[in-house]
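The primary structure of each chain is shown beneath.
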Amino acid sequence: MAQFNESDARRRLADNGQEHVFQFWNCLNDEGRTVLLGQIATIDFPLMNRLIDDWVRHEPAPETFRSIEPVPTIPIPDPARADAKAAWDAGEEALRAGRVGLLLVAGGQGTRLGFNGPKGAYPIGPITGKSLFAFHAEKIKGLQRRYGCVLPWYIMVSATNHAATEAFFRENGFFGLNEADIRFFEQRMVPCVDESGRFMLEGPGCLAMNPNGHGGTIPAVVENGIAQDARNRGVDTLSYFQVDNWAVQVGDPFFIGYHVQRKAEMSSKVHRKNSAREAVGVHCICDGEYRTIEYSELDIYPQLLETAEDGSLLHFAGNPAIHILDVGFIERVCSVYDRFPWHRAHKKIPCVDEAGALIKPATPNGYKFETFIFDALRFIEHEPVALEMNRVGHYTPIKQFDGANSVQAARAAMRAYWGGWLEAAGARVPRDASGAVTIDIEISPEFALWQGDFVKRAAGMAFPEDGAIAIAADGAFVAP
Ligand code: UTP
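An account of the accompanying structure is given in this report.

Remarks on the overall build of the protein
- Along the backbone of the protein there are 12 helices and 22 strands.
- For the protein, the C-alpha radius of gyration of 24 Å lies close to 23 Å, the compact-globule estimate for 480 residues.
- If you line up the protein on its principal axes, its C-alpha atoms span 75 × 55 × 50 Å.
- Out of the 480 residues in the protein, the part that is buried amounts to 54%.
- Here the contacts in the protein between residues at least 6 apart in sequence split such that 74% fall between residues at least 24 apart.
- About 20700 Å² of surface is accessible on the protein, with carbon and sulfur atoms providing 49% of the total.

A look at the pairing of strand β19 (residues 366-370)
- Among the five residues in β19, four count as buried, and that is most of the element.
- Sheet analysis places strand β6 (residues 193-194) next to β19, joined by two bridges and oriented antiparallel. Counterpart to V193 in the pairing with β19 is Y367.
- Bridge count for strand β16 (residues 343-347) against β19 is five bridges, and the pairing is antiparallel. Considered in β19, the bridge of H343 is made with E370.

Overview of unusual backbone geometry
- The phi dihedral of F175 falls on the positive side, at around 55 degrees, and the residue is not glycine.
- Within the secondary structure, F175 sits in the loop between α6 (162-171) and β4 (182-186).
- Residue classification places F175 among the buried positions, given a relative accessible area of 11%.
- Even without being a glycine, A321 presents a positive backbone phi close to 65 degrees.
- Along the polypeptide, A321 turns up in the loop between β14 (317-318) and β15 (323-326).

Some points on the nonpolar core
- One finds I40, L103, F199, L207 and I218 to be the most contacted residues of the largest nonpolar core, which totals 69 residues.
- For this core, the leading source of residues is helix α3 (residues 45-57), giving six residues.
- Sequence-distant contacts of L103, defined by excluding residues within four places in its chain, comprise Y154, F185, T217, V221, L238, S239, Y240, F241, L325 and I330.
- F133, F175, A264 and I324 belong to the second-largest nonpolar core, a separate cluster that totals 48 residues.

Describing the side chain of E138
- With respect to the helices and strands, E138 occurs in helix α5 (residues 132-147).
- Those residues in contact with E138 that lie beyond four places of it in its chain are K130, S444, P445 and E446.

Comments concerning the site of the ligand
- As a matter of local geometry, the ligand sits amid 19 residues, with V105, G107, T111, Q187 and K399 nearest to it.
- Interatomic distance of 2.6 Å between a side-chain N/O atom of K399 and an oxygen atom of the ligand.
- For the ligand, the accessible surface in isolation is 560 Å², of which the surrounding protein chains cover 91%.
- Considering only residue class, the shell around the ligand consists of five nonpolar, nine polar and five charged.

Rules behind the numbers
Residues numbered from 1 in each chain as written. Predicted model: local features only at pLDDT ≥ 70, side-chain atom pairs only at ≥ 80, totals over all residues. Heavy atoms only, no water. Helix = DSSP H or I, 4+ residues; strand = E, 2+ residues; numbered from the N terminus. Rg over C-alpha atoms; globule rule 2.2 N^0.38 Å. Buried < 20%, exposed > 50% of the residue type's maximum accessible area, 1.4 Å probe, protein only. Contact = heavy atoms within 4.5 Å. Areas by Shrake-Rupley, 256 points an atom, 1.4 Å probe, with all protein chains shown as cover. Pairing = 2+ DSSP bridges. Core = buried A, V, L, I, M, F, W, Y, C linked by side-chain atoms within 4.5 Å. Near = heavy atom within 4 Å. Polar contact = N/O pair within 3.5 Å; in protein donor to acceptor, adjacent residues only side chain to side chain. Nonpolar A, V, L, I, M, F, W, Y, C, P; charged D, E, K, R; others polar.

Encoded structure:
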C-alpha cells in the first residue's frame, strides 16, 4: 500500500469532499500524523463515494425477484441413512487426507457484547472460565488426534483486535496447538460516515473505521496469502465458522462429506427457524440464484413468511453462518468481490466534536458499511448444498450478555447439551420441573467431541452426585 505524504493526502481528501479530516493536523505530533496518513492511504475513495451516494444521499430501491423458492435442504444427518453414512465416511477421508483447513472469522468489533478484549477471549466456560478460543482449539486438537491430521487454522482479525488476539494466543501457549499451523490475517477497514456522508474522526488524528464485514474474508484470504498457504499444504476445503458460536462443530465430517461428495463450491448449514420472524437470515433461491435474505428485509419479501397448509414455515432454512468454502472458489469470487453488495448499519459511533472532544452518542449518528460472507453464495455454479442441523450442539452465538443469543443462553445450552451426554453415560443430572438442567456443566471437547465418544470414554467414571461438573481434556474432574 502506498504511504501518502501530507500534500497527497490533503489533495485526495479535498478531491473527495473530506478535507475536514485534516482539521486537527496542527495539533498532531509526528507519530499521530503518520497514523492518520496511513489510514488515509488505505481508503478506496471511489468505493466510498459510491457507498455514500447510494446509501447516504439516496436510499437504494430493494431488489425485485420474480420468484423466491425455498432452498433444497439435506435433512439432519442420521447415520442410519445411507447418504448420511456415505457423507460421514467421505468427510473422515478428507480429514485424514489433510484436505481440510479451518477458517475462523474473528475480526468483528463485538460492540453488543461490550467485552474489553477480542470476543474470542471471552471466558464463556461457566466453571473453568475457558475462553471461546480455547473451546475452538480443543475441538481442533480432538479432531487432529482422531484423524491423525493437521488442520491449519486461519484466523481473520482486523486492525481493531489483531495485536490483542495474537497476544492472547501467545499468553495461552497457542492452546497447545502448533504455532506454525495458526495464521492470523487482517481484513480491510472502511471509514465510518456521518449522516451527511462525512468521514468521522474517533480522535483528532484518527478516522473512525470498521472492519469490512465477514464478506471481507474473501479478499483477505487471497491478499494475505492464505489461499496459497492452503494450496501449499494440499488443503482445498476450508471449514468456515464464527468466533462467537461456542457450539459450532468445527470440521464436522458429515458436512465436509456432503460438500466434497458433491464437489460443492460453498456449502451451508441451515437450521429450522423458531418462528417466521426470528431474527436470522433465510437461505432461498431467488430467480434461480442462491441468496440469503436478511431478517430486516422480511417485509420486503413477504413470501418468506408464508406457511404450508399444516402451518409449517415454507422458508424454514435459517442461517447459522456455518459454511465450507472451496479454496478455488474463494479465489474465483475474489476476482468479482467488487460485485458483492454492501450493507449499511446505522450505529452509535463515538467521535470527536469540532473542538476535538470525544462524544459517545446516545442514538445512532453514523453508518458502518460491510459485506457479508453469505453473499458469496450467489456466485456458486453447482447445486446448492444446504445441510439441516439441530441447533443444540451446533449453534449458540454469543452477541450480548443477556437475552437472546447471549452468554446466559450459551451457558443454558451447554447445560442442556452436555447434561444429555452425562445422562447417556449413566450420570444423574438434576433437572427442574420444566426439565432444564440445574447444574453448570463443562466437558472439554478434547476429551470427547461427540456424545458417542463421551459415553465410551466415560465408561466407569464415578460422577459427582451434586454440584457443577467440569471434565478436563484428560478426563479429570475440575474443581469448581
Ligand atoms: P457479528 O456480525 O455478530 O459482529 O459478527 P460482531 O463484531 O461480533 O459484534 P457486534 O455486531 O459489533 O456486536 C459475526 C462474526 O463475524 C465476525 C465476528 O468476529 C464474528 O465472529 N466478523 C464480523 C468479522 O470477522 N469481521 C467483520 O468485519 C464483522
